[in-house]
Amino acid sequence: MTDAQPGRPTENAMRRALKRARDGVALDTAEAAVLLQARGEQLRDLSASAARVRDAGLEAAGRPGVITYSKKVFIPLTRLCRDRCHYCTFVTVPGKLRREGHGMYLSPDEVVEVARQGAALGCKEALFTLGDRPEDRWPEAREWLDAHGYDDTLAYVRAMAIRVLEETGLLPHLNPGVMSWTDLQRLKPVAPSLGMMLETTATRLWSEPGGPHHGSPDKEPAVRLRVLEDAGRSNVPFTTGVLIGIGESYEERADALFQLRRIQRQYQSIQEVIVQNFRAKPDTAMRAMPDAELEELAACIAVARHILGPAARIQAPPNLVDAEYALIVGAGIDDWGGVSPLTPDHVNPERPWPHIDQLAERTRESGFELRERLTVYPEFIARGEPWLDPRLLPHVRALADPETGLAREDALPGGLPWQEPDEGFTATGRTDLHRTIDTEGRTGDRRADFDAVYGDWEALREQAAPGMVPQRIDSDVREALAQAADDPTRLSDDQALALLHADGPALDALCSIADDLRRATVGDEVTYIVTRNINFTNVCYTGCRFCAFAQRRTDADAYTLSLDQVADRAAQAWEVGATEVCMQGGIHPDLPGTAYFDIARAVKERVPGMHVHAFSPMEVVNGASRTGLSIRDWLTAAKEAGLDSIPGTAAEILDDEVRWVLTKGKLPAADWIEVVRTAHELGLRSSSTMMYGHVDQPRHWLGHFRTLAAIQQETGGFTEFVTLPFIHTNAPVYLAGIARPGPTTRDNRAVTAMARVLLHPHITNIQTSWVKLGAEGAAEMLRSGANDLGGTLMEETISRMAGSRYGSYRSIEDLRAIATLAGRPARPRTTLYGEVPAERVAAAEASDGHLPELLPLAD
């Protein structure tokens, strides 16, 4: 055995790692770091095993012996950027653009002209590349956007993508840098694929002065990993990759690849991984840095292939490989990326694209056929919903081979309308589910795509485990009880946690304190509202793992109501004394962002006096992203259409540690808060909610309560807090063996009591759910700090689909009986907790227990 060269692995370490790669054994980070240093004969050994993995993947994908590329045009929408990467020549400054006679952004006509020329040459991809949010750094960028009527750079990106689709038929691939979850919702409807290079996970290269990413806020590795995760949650086909040779260690390089594997395993959303070698450029801070050698590039490609596996699509840009095509193909790539017959590589302008005929010949010399693909890979075209927005399907289908999903090479793109599907509000499916859920039940205990729509269950178990570990509580419960009784607003977090864990006599004492506080705050009357739930569709692909309501459009229990059916149900509710309809639905891919306006308008036109309490924050974001409006503008338009208040559902637990276990694609906590705050500012009040008893712990409940209290102190817009015990029976996260079977009675009492204590005096109404707890359970919560029973509902599908056993309707007499069980009187209320007009009270009393046939009757 010989000693390793300085910084080099020993021969034994290399030999052992190569054998593990040959044998197909999973590598760890240390072994991958060793293999990244393979050169010469060792590299040939590594590449041979990587190539076998690649070949098996191509065979499984149905295209053995094929290496793909995309025929594209490069659209540099703006070369301004708020970052300061030390190796970049793409980015420039406003003064230089002016001196060269250019605008701060390409004009719309310039964008379309490039795309039109590309379409004439048979290009099918329009690659939009630009700097990150230049308006945050450059006043000139902000002035340009303002002058042209765009709120931000991404609004301009979205608008130009639509123009390219409609006027040329090219498929946009958008690389706008770091995107928030909301940004991804805005851009997904206008582009079949999006992208952002991870580059590296070496935080020191960003945080330390002199590092290549120092001074670049968008190059923090944690931020970029969050983008990749949000893209996965949003079902966006996403391109990413690593940039090697910028100062990272081999261990850091390996870590970046393992992070990509983690995200791909969890979301299956990474459509390709680019392995790109650093090339030093003049007039940059890193001009003296040596280029990453091609053997180093080949080693990284081979290691990436072993780590990411046969299903990964791995790409190397052909203009950066110095004609060493065989070396790169042999290392395990299966894609050359985008190649343009028209535009230069604006990021590497000194490196011209190879001619496509030349690339095909060099690929053939390595034993492979070069085939054209689209910007979105065949696997994602085959998956269909929810990966491709319905508005993009005509554009993709016009260019895709229906059998292979690759490009139809003889197809010339042509502009097609970018518009909502024609179906809209057509009544389909099991539209009587609101009634038959109580008589016939659901068809099956899970939707047909159970194993795909929610992400990787095994990865989720690993993710959920740390958050489910109970926290040790050392605080004195007696001291905490004394503080709660004396002044609950002064409870410390430690004291609050002690009370959230209380049991036995301590829990009894807590509930008594909460009940006394309730009496002092709102009196003894139990309130309720005569309302009707209308769930207008249950078609949804968001992937909420707690939800048994959502269905694929082809599932037996799927349905969508027409506008007339929605209005009919509202009118029937009015006839029997209702003052409110509560309307929510799944995130149906075919419903346009304006559908929510149509729903509110339909109800108001039929029943002008009805209070429209509708559209969760998730639906608000969906509507805003699909219409291209801001949250504020969308809510304003919804209010003008008839929306009166919004439900504070979709909150679940406002802690992303728990949230990303419960749901794959629902909005992050910060976005929920933004929607609610904005609604309150516009005069749209909301309820607030918490769903508990799944993968959460009392510390998460405490954080949730603190967040709601802070919002209420700021806006005063919450009407009530609603406790939502998790119904586990048919919930996917429970069926997969991850969640516990709902909250215990102890949990329910503690949550209700602490809601009263911790939200005092800001949110004064605490609602319990008879749907989830039944009459006895709801009465117990009324003795534990609650003062409201919610509504008669008339129909309730969401909890019943999940397995609730307590029906879909309670008469006024039933609700009064629950209050009587708790030893309290009851009275009706409006949505905003006002007095109910006498005419409505009389109508409700006259119709109580005698509902129209369309409405389900309780047994």
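What you see is a predicted model; the values in this text were computed from it and never measured.

As a further point, take the overall build of the protein. Of the regular secondary structure elements, the protein holds 35 helices and 21 strands. Computed over the C-alpha atoms, the radius of gyration of the protein is 29 Å, within 12% of the 29 Å expected from 2.2 N^0.38 for a compact globule of 859 residues. Principal-axis analysis of the C-alpha atoms gives the protein an extent of 85 × 60 × 55 Å. Taking as baseline every contact in the protein between residues at least 6 positions apart, the subset at least 24 positions apart corresponds to 78%. Working note: accessible area of the protein is about 30,800 Å², and carbon and sulfur atoms make up 50% of it. Put simply, the protein has 94 plus and 122 minus side-chain charges, and the middle of one group is 2 Å from the middle of the other.

Before going further, it helps to spend a moment on the packing of aromatic side chains. Under the criterion given, the structure shown has 17 aromatic pairs. Note on Phe380 and Trp387: the rings are 5.2 Å apart at their centroids and 70° apart in plane angle, and the pair reads as edge-to-face. With relative accessibility at 3%, the residue Phe380 sits in the buried group. Centroid distance Tyr692 to Trp701: 5.9 Å. Interplanar angle 75°. Geometry classified as edge-to-face. Its relative accessible area of 0% is what places Tyr692 among the buried residues. One aromatic cluster in this structure is built from Phe536, Tyr596, Phe597, Phe615 and Trp634. Cation over ring: Arg383 sits above Phe380, and NZ or CZ is 4.2 Å from the ring centre. Here Arg383 stacks its cationic end above the ring of Trp387, 4.9 Å away from the centre of that ring.

This part takes up the pairing of strand E17 (residues 685-692). Sheet faces and side chains relate simply in a regular strand, where the side chains alternate between the two faces. With seven of eight residues buried, E17 lies mostly within the body of the structure. Relative to E17, strand E16 (residues 645-646) runs parallel, the two being bridged by two bridges. Each bridged residue has a counterpart across the sheet, and for Ser645 the counterpart in E17 is Arg685. Where E17 and strand E18 (residues 718-725) come together, six bridges link them in parallel fashion. Residue Tyr692 lies in a different strand from E18, and its bridge partner there is Pro725. In this region the chain leaves E17, passes through helix H29 (residues 698-715) and returns to the parallel neighbour E18; the handedness of that crossover is right-handed.

We now examine the packing of helix H25 (residues 617-627) against helix H26 (residues 631-641). If you want to describe how two helices pack, look at the angle between their axes and the distance between the axes. Two elements in contact, H25 and H26, have axes separated by 9 Å at closest approach and are oriented at 105°. Judged on the interaxial angle alone, H26 and H25 are roughly perpendicular. Residues Val620, Val621, Gly623, Ala624 and Thr627 of H25 pack against Ile631, Trp634 and Leu635 of H26.

Under the criterion given, the structure shown has 66 salt bridges. Among the ionic pairs, Arg20 bridges to Glu31, the shortest N-O distance being 2.7 Å. Separated by 11 residues along the polypeptide, Arg20 in helix H1 (residues 11-22) and Glu31 in helix H2 (residues 29-35) bring together distant segments of the chain. Note that Arg82 and Asp136 form a salt bridge whose closest N and O atoms lie 2.8 Å from each other. On the criterion of sequence distance, the pair formed by Arg82 in the loop between strand E1 (66-78) and helix H4 (94-99) and Asp136 in the loop between strand E2 (125-130) and helix H6 (139-148) is long-range, its members being 54 residues apart. A relative accessible area of 22% means that Arg82 is categorised as partly exposed. One continuous salt-bridge network, built from bridges that share partners, spans Arg63, Arg305, Arg313, Asp334 and Glu379.

Met583, Trp672, Phe705 and Met754 are the most contacted members of the largest nonpolar core, which totals 131 residues. The element that contributes the greatest number of residues to this core is helix H31 (residues 745-759), accounting for eight residues. Beyond its immediate stretch of four places on either side in the chain, Phe705 contacts Leu500, Met690, Phe721, Val751, Met754, Ala755, Leu758 and Leu759. Core analysis: the second largest hydrophobic core is formed by 122 residues, Leu80, Ala141, Val236 and Trp353 among them.

Take H31 next. Counted at 1.5 Å a residue, the expected span for H31 with its 15 residues is 21 Å, and the 21 Å between its end C-alpha atoms agrees. Most of H31 is tucked away: 14 of the 15 residues are buried.

What follows concerns unusual backbone geometry. Across the junction of Glu385 and Pro386, the peptide omega takes the value 5°, indicating a cis bond. Structurally, Pro386 can be placed in the loop between helix H15 (378-383) and helix H16 (393-399). Between His760 and Pro761 the backbone carries a cis peptide bond, its omega angle lying at 0°. Relative to the helices and strands, Pro761 is located in the loop between H31 and strand E19 (766-767). One non-glycine residue, Glu199, lies in positive phi territory at about 75°. Looking at where Glu199 falls in the secondary structure, it is placed in the loop between strand E4 (193-195) and helix H9 (204-207).

Bringing helix H11 (residues 250-267) into the picture now. The terminal C-alpha atoms of H11 lie 26 Å apart, and with 18 residues this matches the ideal 26 Å at 1.5 Å per residue to within 8%. For H11, the set of buried residues is Glu252, Arg253, Ala254, Ala256, Leu257, Phe258, Gln259, Leu260, Ile263, Gln264, Gln266 and Tyr267.

Further remarks concern the packing of helix H32 (residues 770-782) against helix H34 (residues 812-821). Relative orientation of the contacting elements H32 and H34 amounts to 35°, with a least axis distance of 7 Å. Where H32 abuts H34, its residues Trp770, Ala775, Glu776, Ala778, Ala779 and Leu782 lie against Leu815, Ile818, Ala819 and Leu821. Of the residues in the contact of H32 with H34, the class split is nine nonpolar, no polar and one charged.

For the protein, per-residue confidence averages 91 on the pLDDT scale, and residues scoring 70 or more make up 93% of the total. Here residues 1-5 is a poorly scored stretch, pLDDT under 50, and it has four contacts once near neighbours within four places are set aside; other chains count. For residues 854-859, every residue scores under 50 in pLDDT, and the model assigns this stretch 19 contacts once sequence neighbours within four places are set aside.

Counting through the fold element by element, Gln42 comes out in helix H3 (residues 40-61). Residue classification places Gln42 among the partly exposed residues on the basis of a relative accessible area of 27%. A C-alpha to C-alpha distance of 49 Å links Gln42 and Met104, two positions 62 residues apart in sequence. Every residue in contact with Gln42, bar those within four places of it in the chain, is listed here: Arg8, Met14 and Leu18.

This part takes up the side chain of Asp152. Assignment of secondary structure puts Asp152 in the loop between H6 and helix H7 (153-167). Overall, Asp152 belongs to the buried group, its relative accessible area being 15%. A polar contact of 3.0 Å, which involves the side chain of Asp152, links it to the side chain of Arg186.

Thresholds, definitions, all that
Here the residue index of a chain counts from 1 through its sequence in written order. Since the coordinates come from a predicted model, pLDDT governs what is reported: local features require at least 70, and pairs of side-chain atoms require 80 or more to be given and counted, while whole-chain, interface and lining totals use all residues. Heavy atoms from the whole structure form the basis of all side-chain values; hydrogens and water molecules are not counted. Helix and strand assignments come from DSSP, with helices taken as H or I runs of at least 4 residues and strands as E runs of at least 2, each series counted from the N terminus. This radius of gyration counts C-alpha atoms alone. The globule rule is 2.2 Å times how many residues there are, raised to the power 0.38. Residue contacts are defined here by distance: any two heavy atoms, one from each residue, within 4.5 Å place the two residues in contact. Note on areas: Shrake-Rupley, 1.4 Å probe, and residue coverage restricted to the protein chains presented here. None of His or the chain ends enter the tally, which takes Lys and Arg as positive and Asp and Glu as negative. Where a charge lies is defined by one atom per residue type: Lys uses NZ, Arg uses CZ, Asp uses CG and Glu uses CD. What counts as a ring pair is set by centres within 6.5 Å for rings of Phe, Tyr and Trp (its six-membered ring), and what kind of pair is set by the plane angle: stacked under 30 degrees, edge-to-face over 60, tilted for all other angles. Exposure is judged per residue with a 1.4 Å probe applied to protein chains only, and the accessible area is read against the type maximum: over 50% gives exposed, under 20% gives buried, and values in between give partly exposed. Throughout this description, the term charge over a ring refers to an Arg CZ or Lys NZ atom that lies within 6 Å of the ring centre and within 35 degrees of the ring normal. Strands were regarded as paired on the criterion that DSSP finds at least two bridges between them. By the criterion used throughout, a crossover qualifies as right-handed when its path from the first strand across the helix to the second strand runs clockwise, the strands pointing away from the viewer. Lines fitted to the C-alpha atoms define the axes, with helices restricted to the stretch that makes contact. Angles between their N-to-C directions range from 0 to 180 degrees. The scheme is simple: roughly parallel for angles under 35 degrees, roughly antiparallel for over 145, roughly perpendicular for 65 to 115, oblique for anything else. The salt bridge criterion pairs a side-chain nitrogen of Lys or Arg with a carboxyl oxygen of Asp or Glu, the two atoms within 4 Å. For our purposes a nonpolar core is just a set of buried Ala, Val, Leu, Ile, Met, Phe, Trp, Tyr and Cys residues, chained together by side-chain atoms within 4.5 Å. Here, expected helix span is obtained from the residue count minus one, scaled by 1.5 Å. Amino acids are sorted into nonpolar (Ala, Val, Leu, Ile, Met, Phe, Trp, Tyr, Cys and Pro), charged (Asp, Glu, Lys and Arg) and polar (every other residue, Gly among them). Every residue gets a pLDDT, meaning the predictor's confidence in that residue, from 0 to 100. Within 3.5 Å is the distance limit for a polar contact, defined as a pair of N or O atoms, with the added protein rule that one can donate a hydrogen and the other accept it, and that residues adjacent in sequence qualify only through two side-chain atoms.

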